[in-house]
Amino acid sequence: MQNPQVLAALQERLDSVSHTPSSYIETLPKAVKRRINALKQLQVKCAHIEAKFYEEVHDLERKYAALYQPLFDKRREFVTGDVEPTDAESEWHSENEEEDKLAGDMKSKVVIAEKEAEAAEEPAPRGIPEFWFTIFRNVDMLSELVQEYDEPILKHLQDIKVKFSDPGQPMSFVLEFHFEPNDYFTNSVLTKTYKMKSEPDKADPFSFEGPEIVDCDGCTIDWKKGKNVTVKTIKKKQKHKGRGTVRTITKQVPNDSFFNFFSPLKASGDGESLDEDSEFTLASDFEIGHFFRERIVPRAVLYFTGEAIEDDDNFEEGEEGEEEELEGDEEGEEEDDADASLKKEPSQPSECKQQ
């Protein structure tokens with residue numbers, strides 16, 4: 001490799017092929033390829049160390065989940081109305097407090113009498129009515145799943161909790177949906193378990209980017225008679241081939257509903273690949289589970305008020321605006337110097353049974 005003639009010959013070969021990474025690697029001498037293979041072995045070892053890192057992150061999440069839980073329990077008490085917050089607990093100073101105060105003073109002079117009359121007539125609501133249902137309605141990812149006949153059921157939802165797998169157990173987390181007694185099912189808790197994998201794939205170790213959800217289990221909902229919104233009854237006429245007589249039969253068929261969330265599609269574990277629609281459905285399910293765990297449960301009040309949604313929207317708009325600005329700069333450079341631009345290319349409640 002130190003021979004100038006060898007280097008010149010190698011450079012000539014490089015110049016004669018298209019400059020893609022794979023074509024470049026193909027042109028390298030065997031000794032260089034051997035060293036690259038050694039680097040790949042090091043990269044695989046890095047991936048395994050990274051997997052260990054994420055296992056310890058999961059342990060930390062479990063530890064801090066225990067610290068968050070008393071706050072989340074108090075949140076539930078305030079939402080359900082079991083406990084009324086003290087004056088100190090309910091004190092909050094907004095960013096626009098002075099403006100809000102002036103506007104509030106002006107409005108109060110006009111409507112104070114009317115409000116007092118209404119307050120005398122209507123009893124104060126208990127807790128924060130329809131707290132979780134409002135979150136479902138505010139978040140597009142969830143509202144798309146909710147049908148009109150799901151809404152009265154979700155109004156009975158009192159809390160959503162995240163439970164992490166115990167130490168030494170395979171990595172997973174459980175979403176618990178706690179319901180008050182209602183006319184639709186007898187379960188007080190519906191669960192969804194997400195199983196995770198945090199190790200490099202033997203067939204493709206370089207694709208590892210951290211823990212991923214690989215499967216999920218729902219639970220059996222004990223519907224009360226005639227209240228199952230995940231199925232609908234249809235009538236169908238059948239004609240006898242021989243006699244020509246017609247009879248009407250009824251049968252139940254699947255119905256769109258948020259509560260199908262608890263009867264998830266199973267990931268293929270027998271080597272058979274899922275069709276494209278099933279793959280999309282499963283990926284969407286995993287995304288929703290992750291969103292509940294990472295965003296909805298920890299920041300519920302901000303999704304109730306809409307503040308978290310506004311933050312998410314602003315972040316997305318900022319990214320798009322930045323991309324458009326960069327594209328504009330590139331176009332300007334192309335106009336100024338075409339050659340330069342060319343170089344730039346390239347208490348334990350009764351839970352439902354797991355299915």
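None of the values given here were measured: they were computed from a predicted structure.

Draft legend 1. How the structure looks around a nonpolar patch on the surface. A surface patch of nonpolar side chains, about 550 Å² in accessible area, is lined by Leu60, Tyr64, Leu67, Tyr68 and Leu71. Mapped onto the fold, Leu71 is located in helix α3 (residues 30-80).

Draft legend 2. Up close: the pattern of salt bridges. With the rule as written, the count across this model stands at 11 salt bridges. A salt bridge links Asp59 to Arg62, with the nearest nitrogen and oxygen atoms 3.0 Å apart. Within this pair, Asp59 and its partner Arg62 are both found in helix α3, separated by 3 residues, close to a single helical turn. Look at Asp59 and you get partly exposed, because its relative accessible area is 38%. A salt bridge links Arg293 to Glu294; the nearest nitrogen and oxygen atoms lie 3.1 Å apart. Each of Glu61, Arg293 and Glu294 takes part in salt bridges that share partners, so that together they form one network.

Draft legend 3. Spatial organisation of the sheet that holds strand β1 (residues 157-164). With antiparallel pairing, 4 strands are arranged side by side in an open sheet as β1-β2-β3-β4. Either end of the sheet is taken by a strand with one partner, and the two such strands are β1 and β4 (212-217). Direction aside, neighbouring strands of the sheet carry axes that sit 20° apart on average. By the bridge criterion, 7 bridges tie β1 to strand β2 (residues 172-179) in an arrangement that is antiparallel. Across the sheet, Leu157 pairs through a bridge with Phe179, a residue of β2. Docked against the sheet, α3 engages β1 and β2, running at close to 170° with respect to β1.

Draft legend 4. How the structure looks around the layout of surface pockets. Reported here for the largest pocket is a volume of approximately 750 Å³. Forming the boundary of the largest pocket are 23 residues, of which Phe78, Glu89, Trp92, Val301 and Leu302 lie nearest the centre. Elements with a contribution of two residues or more to the lining of the largest pocket: α3 and α9 (300-305). Take the lining of the largest pocket: its biggest share by element is 6 residues, from α3. In the lining of the largest pocket, the residues fall into 12 nonpolar, 4 polar and 7 charged. Counted as a void, the second largest pocket has a volume near 520 Å³. Around the second largest pocket, the lining is made up of 19 residues, and of these Leu145, Thr281, Ser284, Asp285 and Ile288 lie nearest the centre.

Draft legend 5. Examining helix α8 (residues 276-296) more closely. For α8, spanning 21 residues, the distance from its first C-alpha to its last is 28 Å, which sits close to the expected 30 Å at 1.5 Å a residue. Within the sequence span of α8, burial applies to Ser278, Leu282, Asp285, Phe286, Ile288, Gly289, Phe291, Phe292, Arg293 and Ile296.

Draft legend 6. Seen up close, the packing of aromatic side chains. All chains considered together, the criterion is met by 24 aromatic pairs. Ring centres of Phe291 and Tyr303 lie 5.9 Å apart, and the angle between their planes is 75°; this geometry places the pair in the edge-to-face category. Remark: Tyr303 occurs in helix α9 and Phe291 occurs in helix α8; sequence separation between them is 12 residues. Among the residues examined, Tyr303 registers a relative accessible area of 1% and is labelled buried. Counting every residue linked through ring pairs, the aromatic cluster contains Phe136, Phe177, Phe179, Phe185, Trp223, Phe258, Phe259, Phe261, Phe262 and Phe292. Lys227 extends its terminal NZ or CZ atom over the ring of Tyr184, reaching a point 5.5 Å from the ring centre.

Basis of the calculations
- Positions within a chain are numbered from 1, following the residues in the order the chain's sequence is written.
- Local features in this predicted model are restricted to residues whose pLDDT is 70 or higher, and side-chain atom pairs enter the listing and the counts only when it is 80 or higher, whereas totals over whole chains, interfaces and linings include all residues.
- The side-chain quantities take in all heavy atoms of the structure and omit both hydrogens and water.
- Excluding any residue in a salt bridge, patches collect residues exceeding 30% relative accessible area, merging like charges within 9 Å and nonpolar Val, Leu, Ile, Met, Phe, Trp and Tyr side chains within 5 Å.
- Residue exposure ignores everything except the shown protein chains as possible cover, and the areas themselves are Shrake-Rupley values with a 1.4 Å probe.
- Within this document, salt bridges are pairs made up of a side-chain nitrogen of Lys or Arg and a carboxyl oxygen of Asp or Glu, the two lying within 4 Å of each other.
- Counting from the N terminus, the helices are DSSP H or I runs at least four residues long and the strands are E runs at least two residues long.
- Burial classes follow relative accessibility: with a 1.4 Å probe on protein chains only, a residue under 20% of its type's maximum area counts as buried, one over 50% as exposed, and anything between as partly exposed.
- Strand pairing is assigned whenever DSSP identifies at least 2 bridges connecting the two strands.
- Axes here refer to lines fitted to C-alpha atoms; in helices the fit is confined to the stretch in contact. Angles between the N-to-C directions go from 0 to 180 degrees.
- Only heavy atoms enter the contact rule, under which two residues are in contact if any of them lie within 4.5 Å.
- Cavities and pockets were defined on a 1 Å grid built over protein atoms only: a cavity is a set of grid points that admits a 1.4 Å probe from which the probe cannot escape, a pocket is an open set flanked by protein on both sides within 12 Å along at least five of seven lines, and lining residues are those with an atom within 4 Å of any such point.
- Grid points are joined across faces, edges and corners, and a volume is the space filled by probe spheres set on the points.
- In this classification, Asp, Glu, Lys and Arg are treated as charged, Ala, Val, Leu, Ile, Met, Phe, Trp, Tyr, Cys and Pro as nonpolar, and every other residue, Gly included, as polar.
- To estimate how far a helix should extend, the number of its residues minus one is multiplied by 1.5 Å.
- Here a pair means two rings of Phe, Tyr or Trp (six-membered ring of Trp) with centres within 6.5 Å. Their orientation is stacked below 30 degrees between planes, edge-to-face above 60, and tilted elsewhere.
- Whether a charge sits over a ring comes down to the Lys NZ or Arg CZ being within 6 Å of the ring centre and within 35 degrees of the ring normal.

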